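Structure assessment
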Amino acid sequence: MKPPILRRKPFRLHHVQNVTRSFWGRKGDEPVESLIPQISEEWHRGVEQHPDLHRDPPKSVAILGAGVTGLTAAYQLSHFSPETSITLLEASPRTGGWIRSLKIPTSKGSITFETGPRTLRPWTVNGIITLNLVSHLSLQSQILSVPKSSPAAKNRYIYFDKRLNELPSSIQGVLKALQLPVLKGAIPSVLTEIFRRKRAKDVEDESVESFLTRRLGANLTNNLASAVFHGVYAGDIANLSADALLHTLYRNERVYGSITRGILGVQEMLLEEKLLEGVYGSRTAPLLNRLKTTSIYSFKGGMETLTKRMEEAVREECDVTVKTGVKVDGLRYNHETSEVEVLGYDSPHNSFDFVISTFPAWSTASLLPPETSNALFETRGVTVMVVNLFYDKPNMTGYSGFGYLIPKSVPLEQNPHRALGVIFDSDAMPEQDERQGTKVTVMLGGHWWDNAISIPSEDDGVRMAKEVLRQHLGITEEPVETMASLQADCIPQYGVGHAGRLRQAHEDLMDKMGGKLVLAGSSYGGVGLNDCVRSARDAAFGVAAGRPMTNLERWAFEEVWIPKDMP
Ligand SMILES: Cc1cc2nc3c(=O)[nH]c(=O)nc-3n(C[C@H](O)[C@H](O)[C@H](O)COP(=O)(O)OP(=O)(O)OC[C@H]3O[C@@H](n4cnc5c(N)ncnc54)[C@H](O)[C@@H]3O)c2cc1C
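Figured I'd write up the structure that's included with this text.

What counts as what
- Residues numbered from 1 in each chain as written.
- Predicted model: local features only at pLDDT ≥ 70, side-chain atom pairs only at ≥ 80, totals over all residues.
- Heavy atoms only, no water.
- Helix = DSSP H or I, 4+ residues; strand = E, 2+ residues; numbered from the N terminus.
- Buried < 20%, exposed > 50% of the residue type's maximum accessible area, 1.4 Å probe, protein only.
- Contact = heavy atoms within 4.5 Å.
- Areas by Shrake-Rupley, 256 points an atom, 1.4 Å probe, with all protein chains shown as cover.
- Near = heavy atom within 4 Å.
- Polar contact = N/O pair within 3.5 Å; in protein donor to acceptor, adjacent residues only side chain to side chain.
- Expected span 1.5 Å × (residues − 1).
- Phe/Tyr/Trp six-rings, centres within 6.5 Å; stacked < 30°, edge-to-face > 60°.
- Lys NZ or Arg CZ within 6 Å of the ring centre and 35° of its normal.
- Salt bridge = Lys/Arg side-chain N within 4 Å of Asp/Glu carboxyl O.
- Pairing = 2+ DSSP bridges.
- Axes fitted to C-alpha atoms, helices over the stretch in contact; angles between N-to-C directions.
- 1 Å grid on protein atoms, 1.4 Å probe; cavity = no way out; pocket = protein on both sides within 12 Å on 5 of 7 lines; lining within 4 Å.
- Points joined across faces, edges and corners; volume = space filled by probe spheres on them.
- Left-handed = near helix turned anticlockwise from the far one by under 90°.
- Nonpolar A, V, L, I, M, F, W, Y, C, P; charged D, E, K, R; others polar.
- Core = buried A, V, L, I, M, F, W, Y, C linked by side-chain atoms within 4.5 Å.

Points about the overall build of the protein
Looking only at helices and strands, the protein has 20 helices and 21 strands in total. For the protein, with 567 residues in total, the buried portion stands at 57%. Looking at the protein alone, contacts between residues at least 24 apart form 76% of all its contacts between residues at least 6 apart. By element, 53% of the accessible surface of the protein is carried by carbon and sulfur atoms, the whole surface being about 23800 Å².

Here's what the structure looks like:
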């Protein structure tokens with residue numbers, strides 16, 4: 001029997017514990033807004049100098065997994081708490097996790113294939129935190145940015161009705177775009193949204209599909225939104241959680257009665273986001289200023305530049321030990337010593353004051369004694385085939401832009417290989433290749449393969465990708481280089497009830513792991529690289545102060561929203 005879904009606990013100031021320790025120990029009756037100037041002031045003096053960071057630092061911390069989350073957690077923790085001994089454990093012989101940028105030599109110069117993430121967005125709170133990390137790592141000169149005015153930033157397409165539909169990138173473009181099949185019925189849907197009935201009070205969550213269909217109608221939901229969710233989550237909007245993935249819009253409906261009213265009304269943001277934006281915004285000002293006109297960015301050597309540099313930096317720290325080739329196969333909490341033992345790490349010192357796990361939720365759950373937290377098992381990943389192709393001739397796609405996404409409403413005969421989307425890499429980052437040509441990436445599978453009896457091989461993947469490009473773009477030439485990578489369970493799916501499950505997991509882990517197992521990574525607060533960096537930073541900051549935590553506090557306690565323009 002499933003446990004009852006827990007309600008959020010009342011806000012007690014300390015729910016933003018990972019953002020600022022100034023909230024600790026205060027009584028809940030103090031108006032939170034009155035604390036902001038003091039907290040900001042404390043933080044501006046320097047995050048690393050924050051007095052609360054040095055209260056009770058742990059002696060030893062193990063960080064599980066050396067993808068971007070684990071590396072960031074190790075890097076940040078070594079700065080927040082220089083006296084802590086940190087052990088970073090990774091099963092694979094290399095670090096970086098899903099981030100992998102391969103330099104392929106060819107007769108006319110090398111090209112770079114990304115098998116995982118390829119671009120970052122600078123203009124979100126989590127994006128600013130990543131840029132702060134980039135500055136710390138002195139990677140500013142390695143940045144390749146795509147200006148907001150370039151075709152790769154402006155032109156995004158949806159494959160619908162057997163052709164690429166260009167999405168509007170300006171007000172002027174909207175009128176033209178409204179005639180496209182993919183945006184059929186968009187105007188009345190948007191204009192009448194404000195008059196639609198809001199959901200019942202007791203509905204805490206529903207699928208993205210159900211929410212958007214209620215608010216905007218079935219056409220926009222199935223033809224446009226489903227494509228966007230294919231692009232980010234490789235997931236099916238019928239299963240994904242509206243509360244988790246469209247949190248602000250979902251809240252706007254509850255608080256203001258409609259999405260439109262929320263947008264037209266007072267712009268609000270979460271208190272902790274506001275604090276972090278203020279602190280990291282000012283600390284990263286020179287780089288932010290330089291990237292003022294940037295839409296997305298990567299690095300000259302590809303995205304792996306970030307994790308490689310971070311690995312170098314943590315290896316230089318004398319208090320950090322990096323162990324690759326170590327497969328962790330269990331975690332046990334010792335109630336007497338309040339330490340967590342890491343099984344599979346063959347060392348006399350395999351018990352730690354804290355463990356930060358950056359594995360996917362279901363992997364972490366499988367390491368714990370039975371029944372520790374069943375809620376963590378319920379998040380699952382989807383499998384994606386990433387196929388990189390390079391053609392000798394430039395401009396082979398016939399379009400100039402970021403690429404196109406394919407909605408779930410496209411009939412099977414128009415998308416028989418279940419492609420999710422195609423990225424025009426050479427339009428966005430031509431500087432990453434020494435030779436001219438057309439470089440594209442085809443993403444296949446995702447939720448379409450959820451119940452598949454068999455998953456195609458990588459050889460099949462290349463053939464399927466070529467057929468997608470022939471059918472959708474008319475490309476019949478043979479590519480000069482190809483590479484397919486089957487990425488099993490690579491993107492966690494935040495199903496309906498995600499927040500409730502994380503709340504339950506918080507309770508379970510506080511109870512059974514003593515608040516010494518801390519979670520970070522793509523299974524919780526966002527799957528993007530920026531989200532992973534943020535979760536690593538929060539975990540490191542919390543652990544540095546030595547207080548029991550799970551890093552799931554933001555789902556366990558009530559949220560505080562404040563006006564965006566509050567000074
Ligand atoms: C194809 C693809 C494209 C993407 N594109 C983008 C993009 O363009 N922009 C963006 O922002 N995000 C993108 N993402 C999302 C982003 O790349 C991931 O969310 C992020 O890299 C996850 O990093 P992580 O460190 O949390 O996890 P991982 O990269 O999975 O790292 C976890 C590490 O733990 C190790 N590990 C697992 N189990 C064990 C064990 N038992 N013992 C020891 N070690 C273990 C693994 O080997 C791995 O190295 C993309 C993801 C994919 C898959």
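Considerations on the site of the ligand
Around the ligand sit 26 residues, and of these Thr69, Glu90, Val328, Val527 and Leu529 come closest. One nitrogen or oxygen atom from the main chain of Ala91 is found 3.0 Å from a nitrogen atom belonging to the ligand. Val328 is positioned such that a nitrogen or oxygen atom in its backbone is 2.9 Å from a nitrogen atom of the ligand. When the ligand sits alone it has 1000 Å² of accessible area, and the protein chains cover 84% of it.

Describing the environment of Pro188
Tracing the chain through its elements places Pro188 in helix H6 (residues 186-192). Pro188 gets classed as partly exposed once you look at its relative accessible area, which sits at 48%. Residues Pro188 and Gly217, 29 residues apart in the sequence, show an inter-C-alpha distance of 9.5 Å.

Let's talk about helix H19 (residues 529-544)
Counted at 1.5 Å a residue, the expected span for H19 with its 16 residues is 22 Å, and the 22 Å between its end C-alpha atoms agrees. Counted residue by residue, H19 has 15 buried out of 16 residues, so it is predominantly covered. Of the residues flanking the end of H19, it is Gly546, one or two places downstream, whose phi is positive at about 80°.

With respect to the packing of aromatic side chains
The description of an aromatic ring pair uses the distance of the two centres, along with the angle that the planes make with each other. All chains considered together, the criterion is met by eight aromatic pairs. When the ring of Tyr159 is compared with that of Tyr404, the centres are 6.1 Å apart and the planes differ by 45°; the resulting orientation is tilted. On the criterion of sequence distance, the pair formed by Tyr159 in strand E6 (residues 156-160) and Tyr404 in strand E16 (residues 403-405) is long-range, its members being 245 residues apart. Considered together, Tyr159 and Tyr404 belong to a single accessibility category, that of buried residues. Ring plane angle 90° and centroid distance 4.9 Å describe the contact between Phe211 and Tyr250, whose orientation is recorded as edge-to-face. Note that Phe211 is positioned in helix H7 (residues 208-216) and Tyr250 in helix H10 (residues 247-256), a separation of 39 residues in sequence. Seen from the ring of Trp448, Arg418 lies directly overhead, with NZ or CZ sitting 3.8 Å from the centre. The ring of Phe541 has Arg537 lying over it, and the distance from NZ or CZ to the ring centre is 4.9 Å.

Some points on the pattern of salt bridges
Tallied over the full model, the rule gives 24 salt bridges. Linking Arg214 and Glu206 is a salt bridge whose minimum nitrogen-to-oxygen distance equals 2.7 Å. Arg214 gets classed as partly exposed once you look at its relative accessible area, which sits at 28%. Residue Asp433 pairs with Lys439 through a salt bridge whose shortest N-O separation is 3.1 Å. A residue is classified by how much of its surface remains accessible, and Asp433, at 11% relative accessible area, is buried.

Brief notes about the side chain of Glu114
Considering the arrangement of structural elements, one finds Glu114 in strand E4 (residues 111-114). There is a polar contact of 2.8 Å between the side chain of Glu114 and the side chain of Ser101. The contact partners of Glu114, leaving out residues within four places of it in the chain, are Arg100, Ser101, Ser298, Gly302, Met303, Val386, Asn388 and Gln432.

Some thoughts on the sheet that holds strand E14 (residues 354-357)
Sheet strands associate in pairs through backbone hydrogen bonding, adopting either a parallel or an antiparallel arrangement. With respect to topology, five strands assemble into an open sheet ordered E10-E2-E1-E14-E20, the strand pairing being parallel. Single-partner strands in this sheet number two, and they are strand E10 (320-324) and strand E20 (517-519). Taken pair by pair, the neighbouring strands of this sheet meet at an average axis angle of 20°, ignoring direction. Bridging between strand E1 (residues 60-64) and E14 involves four bridges; their strand directions are parallel. Its bridge partner being in E14, Leu64 is matched across the sheet by Ser357. Across the face of the sheet, helix H2 (residues 68-80) comes into contact with E1, strand E2 (85-90) and E10 while running at roughly 170° to E2.

As for the sheet that holds strand E12 (residues 339-343)
One open sheet holds the three strands; their spatial order is E11-E12-E13, and the pairing between them is antiparallel. Every interior strand has two partners, whereas the edge strands, strand E11 (330-334) and strand E13 (351-352), have only one. Relative to E12, E11 runs antiparallel, the two sharing five bridges. By the bridge assignment for E12, Tyr333 is matched with Val340.

Structural notes on empty space enclosed by the protein
Within the structure shown, the criterion is met by four cavities of 30 Å³ or more. Size it by volume and the second largest cavity reaches roughly 100 Å³. Taken together, 13 residues form the lining of the second largest cavity, with Glu114, Arg118, Asp425, Met429 and Gln432 sitting closest to its centre. Sorting the residues of the lining of the second largest cavity by element identifies E4 and helix H16 (425-428) as the ones contributing at least two each.

Some remarks on the packing of H2 against helix H14 (residues 304-316)
Orientation of H2 relative to H14, taken along the N-to-C sense of each, is 35°, at an axis distance of 10 Å. Note on packing geometry: the crossing formed by H2 with H14 is left-handed. Across the interface between the two elements, Val68, Leu71, Thr72, Ala74 and Tyr75 of H2 pack against Leu306, Thr307, Met310, Glu311, Ala313 and Val314 of H14. Taken together, the residues that form the contact of H2 with H14 break down as eight nonpolar, two polar and one charged.

Let's talk about the environment of Val543
One can find Val543 in helix H19. Along the chain, Val543 and Val61 lie 482 residues apart, while their C-alpha atoms are 8.5 Å from each other. Sequence-distant contacts of Val543, defined by excluding residues within four places in its chain, comprise Pro58, Val61, Leu77, Phe354, Ile356, Val518 and Met549.

Things to note about the nonpolar core
Counting 53 residues, the largest nonpolar core has Ile63 and Phe299 as its most contacted members. Sorting elements by how many residues they give to this core places H19 first, with nine residues. With near-sequence residues (within four places) excluded, Ile63 lies in contact with Gly70, Ala73, Ala74, Leu77, Ile86, Thr87, Leu88, Leu89, Ile356 and Thr358. Within the second largest apolar cluster, 37 residues are counted, among which are Phe160, Val387, Tyr404 and Val462.

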